[in-house]
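Below, each chain spelled out in residue letters.
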Amino acid sequence: MSLAICSLKYDAARSGAQKITYDKDGYHLVRFPYAAAEESYDPWKMHDPAGGPDYPDPHSGLIRPSHDGWATLSALVFWEADDRATEYRARFVRDPLGESTGYDSTGTTDISATGGGQYRSYTWQMFVHPGTPVGLKISARASDTGIAVPLALAEFKMAIQTDVMVP
């Protein structure tokens, strides 16, 4: 089985605070620095700075699949403690900026807040295509209103199986 892999990491301790802003869908597109210092891995250039403006521009939140294939998406999100939030959401979105095939969310998860910081991992699988970027979007909420809870850490990974069999 052949895999094309992209692994991104954002760490507030290294890159500074990420400004949390909510798009019209009520979610924030997580941005990832273009830096090896963040322990990112991207030999296929799926998160290449040539793909868009510099971090923290919204384009730095995109993984641009290098191949057609079946992808396993995974994410890790650590939010700082914030007593205002009662739920935490995450979703994977095809074309989150609406620049190619149109916004298409999938794999949405909604979890109630627990005491202290919020630490979540997410996994989803789907077909991906080179012309359609994918992003990780998050939301911390209370009474269906987005709250700008600071991120401490986020990781976003895509592993594309490039040899999917066809009957």
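What you see is a predicted model, and the numbers here were worked out from it, not measured in a lab. The numbering scheme is per chain: residues are counted from 1 as the chain's sequence reads. In keeping with the model being predicted, local features are shown solely for residues with a pLDDT of at least 70 and side-chain atom pairs are shown and tallied solely at 80 or more, while totals for entire chains, interfaces and linings include all residues. The basis for the side-chain values is all heavy atoms of the structure; hydrogens and waters are excluded.

Caption draft 1: Inspection of the sheet that holds strand E1 (residues 3-11) at higher detail. Spatial strand order, E1-E10-E4-E7: four strands in an open sheet with antiparallel pairing. Each edge of the open sheet is held by one strand with a lone partner, namely E1 and strand E7 (118-128). Pairwise comparison of adjacent strand axes, ignoring direction, gives a mean angle of 10 degrees for this sheet. Only strands that DSSP links by at least two bridges are regarded as paired with each other. A helix here means a DSSP run of H or I that spans at least four residues, while a strand means a run of E at least two residues long, and both kinds are numbered starting from the N terminus. Fitting a line to C-alpha atoms yields each axis, with helices limited to the stretch in contact; the angle taken between N-to-C directions then spans 0 to 180 degrees.

Caption draft 2: A look at the pattern of salt bridges. Salt bridges are defined by distance alone: a side-chain nitrogen of Lys or Arg within 4 Å of a carboxyl oxygen of Asp or Glu. Under the defined criterion, the tally for this structure stands at nine salt bridges. A salt bridge links Asp-25 to Lys-137, with the nearest nitrogen and oxygen atoms 2.9 Å apart. Here the residue Asp-25 occupies a position in the loop between helix H1 (12-15) and strand E2 (28-29), and Lys-137 occupies one in strand E8 (residues 134-142), the gap between them amounting to 112 residues. For Arg-89, the salt bridge goes to Glu-87, with nearest N and O atoms at 3.2 Å. If you follow the salt bridges from partner to partner, you end up with Glu-87, Arg-89, Asp-110, Arg-141 and Asp-144 in one network.

Caption draft 3: Layout of unusual backbone geometry. Here Tyr-55 and Pro-56 are connected by a cis peptide whose omega angle stands at 5 degrees. Here Pro-56 shows up in the loop between E2 and strand E3 (62-63). Backbone geometry at Lys-45 places phi at a positive 60 degrees, although glycine is not the residue there. Within the fold, Lys-45 resides in the loop between E2 and E3. Buried means the residue's accessible area, taken with a 1.4 Å probe over protein chains only, is under 20% of the maximum for its type, while exposed means over 50%, and partly exposed covers the values in between. Given the relative accessible area of 58%, Lys-45 is considered exposed. The backbone of Ser-143 sits at a positive phi, close to 55 degrees, despite the residue not being glycine. Checked against the element boundaries, Ser-143 lands in the loop between E8 and strand E9 (145-147).

Caption draft 4: Inspection of the nonpolar core at higher detail. Here, nonpolar core means buried Ala, Val, Leu, Ile, Met, Phe, Trp, Tyr and Cys residues that are tied together by side-chain atoms lying within 4.5 Å of each other. By size, the foremost hydrophobic cluster in this structure holds 33 residues, and its most contacted members are Phe-32, Trp-79, Leu-136, Ile-138, Leu-151, Phe-156 and Met-158. Sorting the residues of this core by element identifies E1, strand E4 (69-79), strand E5 (87-94), E7, E8 and strand E10 (151-161) as the ones contributing at least two each. In what follows, residue pairs with any heavy atoms lying within 4.5 Å of each other are defined as contacts. Those residues within four positions of Leu-151 in sequence are excluded, and the remaining contacts are Tyr-10, Ala-12, Gln-18, Ile-20, Val-30, Val-77, Phe-78, Trp-79 and Ile-138.

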